[in-house]
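Chains, contacts and geometry: an overview
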Amino acid sequence: MSMLPRGLLALSLCLLLASCAAPPPPVAPPAAGEGAVERSLYAVQLQRWGETRFSGILALQRAPGTLRYALLDASGVKLLEAQQKEGAGQEVLHVKGVVADSGLPGFLGTALERLFWQRAWCPPCSGPWWRRLCREEGGGTSGRFGPLPLWRVEHPAREMVGELTYSQPWIGMRLSLRPLPSR
């Protein structure tokens, strides 16, 4: 084997390995009223290729750098309770057996992290060309591998008061969070 094919093979391998590393999470600017705890309820719907796979309620408590949540089914049974610190991953506190085996806890933790914390601060995109975090029109964010979208977050404006959606188009997953009125 000549030096040229070996060099190309080594370069390709290095690029592949480098693209597998996750970019560091962006640091969010401080919000107004920092230190406040926000509690909210969302109607949650999980779809795969357009077919509804789960509907329920998500109880969410947000504090600066911390997210604590519980996923309830339609009858009010707690299926999952977890918390996560910004950039530190998810810690599952309680999970029902069938949910633990489904992959839902990891998917939901990733989706919530991307919905509430990850933003592209350098318009229109930040990060290396093979792993970019991009700001979308209308206030959304997307993660891209080169030109291909890996995931997308959509939320109305910057207040995040309407329906929030997270999707992974290449596997057909879509998570919708619709705020429920509080009394």
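In this section: the overall build of the chain. Helix and strand content of the chain: three helices and 11 strands. In the chain, the succession of α and β elements from N to C terminus is α-β-β-β-β-β-α-α-β-β-β-β-β-β. Per-residue burial over the chain gives 34% buried out of 183 residues. The contacts in the chain between residues at least 6 apart in sequence include a share of 36% that link residues at least 24 apart. Summing over all exposed atoms, the chain offers an accessible surface of approximately 11000 Å²; the carbon and sulfur share of this is 61%.

Moving on: the packing of aromatic side chains. Inspection of every chain in the model, using the stated rule, returns two aromatic pairs. Seen in terms of ring centroids, Trp-151 and Tyr-166 are 6.2 Å apart; in terms of plane orientation they differ by 35 degrees. Their pairing is tilted. Within this pair, whereas Trp-151 is found in strand E9 (residues 148–154), its partner Tyr-166 is found in strand E10 (residues 164–168), the two being separated by 15 residues in sequence. Aromatic ring contacts, followed pair by pair, group Phe-107, Trp-151 and Tyr-166 into a single cluster.

Sheet strands pair via backbone hydrogen bonds, and the direction of the pair is either parallel or antiparallel. If you walk across this open sheet you meet the 11 strands as E5-E4-E3-E2-E1-E11-E10-E9-E8-E7-E6, and the pairing is antiparallel. Each end of this open sheet is capped by a strand with a single partner; those strands are strand E5 (89–95) and strand E6 (125–126). Where E10 and strand E11 (residues 173–179) come together, five bridges link them in antiparallel fashion. In the strand pairing of E11, Tyr-166 is matched with Leu-175. Here helix H3 (residues 104–116) sits on the sheet and contacts strand E1 (38–48), strand E2 (51–63), strand E3 (66–73), strand E4 (78–85), E5, E9, E10 and E11; the angle it forms with E10, its principal contact strand, is near 120 degrees.

Here the focus is H3. With 13 residues, H3 should cover 18 Å at 1.5 Å per step; its first-to-last C-alpha distance of 18 Å lies within 8% of that length. Across the 13 residues that make up H3, a large majority, 11, are buried. All of the buried residues along H3 are Leu-104, Pro-105, Phe-107, Leu-108, Gly-109, Ala-111, Leu-112, Glu-113, Arg-114, Leu-115 and Phe-116.

Here we take up unusual backbone geometry. In this structure, Trp-49 takes a positive phi of about 50 degrees despite not being glycine. On the secondary structure map, Trp-49 appears in the loop between E1 and E2.

Our focus in this paragraph is the side chain of Asp-73. In this structure, Asp-73 sits in strand E3. Summary of buried charges: Asp-73 has no salt-bridge partner, and the nearest side chain of opposite charge, Lys-96, is 8.5 Å away. Within the local environment of Asp-73, its side chain forms a polar contact with the side chain of Ser-75, the two groups lying 2.8 Å apart. Engagement of the side chain of Asp-73 in a polar contact is seen with the backbone nitrogen of Val-77, the distance being 2.9 Å. The contacts of Asp-73, once residues within four sequence positions are left out, are Phe-54, Gly-56 and Leu-79.

Looking now at the state of the cysteines. Under the counting rule described, the total for this entry stands at one disulfide. Between the sulfur of Cys-125 and that of Cys-134 lies a disulfide, 2.1 Å long from S to S. Looking down the S-S bond of the Cys-125 and Cys-134 bridge, the torsion is 110 degrees, so its handedness is right-handed. By relative accessible area, which is 3% here, Cys-134 ends up buried.

About the thresholds
- Residues numbered from 1 in each chain as written.
- Predicted model: local features only at pLDDT ≥ 70, side-chain atom pairs only at ≥ 80, totals over all residues.
- Heavy atoms only, no water.
- Helix = DSSP H or I, 4+ residues; strand = E, 2+ residues; numbered from the N terminus.
- Buried < 20%, exposed > 50% of the residue type's maximum accessible area, 1.4 Å probe, protein only.
- Contact = heavy atoms within 4.5 Å.
- Areas by Shrake-Rupley, 256 points an atom, 1.4 Å probe, with all protein chains shown as cover.
- Phe/Tyr/Trp six-rings, centres within 6.5 Å; stacked < 30°, edge-to-face > 60°.
- Pairing = 2+ DSSP bridges.
- Axes fitted to C-alpha atoms, helices over the stretch in contact; angles between N-to-C directions.
- Expected span 1.5 Å × (residues − 1).
- Lys, Arg positive; Asp, Glu negative; His and termini not counted.
- Salt bridge = Lys/Arg side-chain N within 4 Å of Asp/Glu carboxyl O.
- Polar contact = N/O pair within 3.5 Å; in protein donor to acceptor, adjacent residues only side chain to side chain.
- Disulfide = S-S within 2.5 Å.

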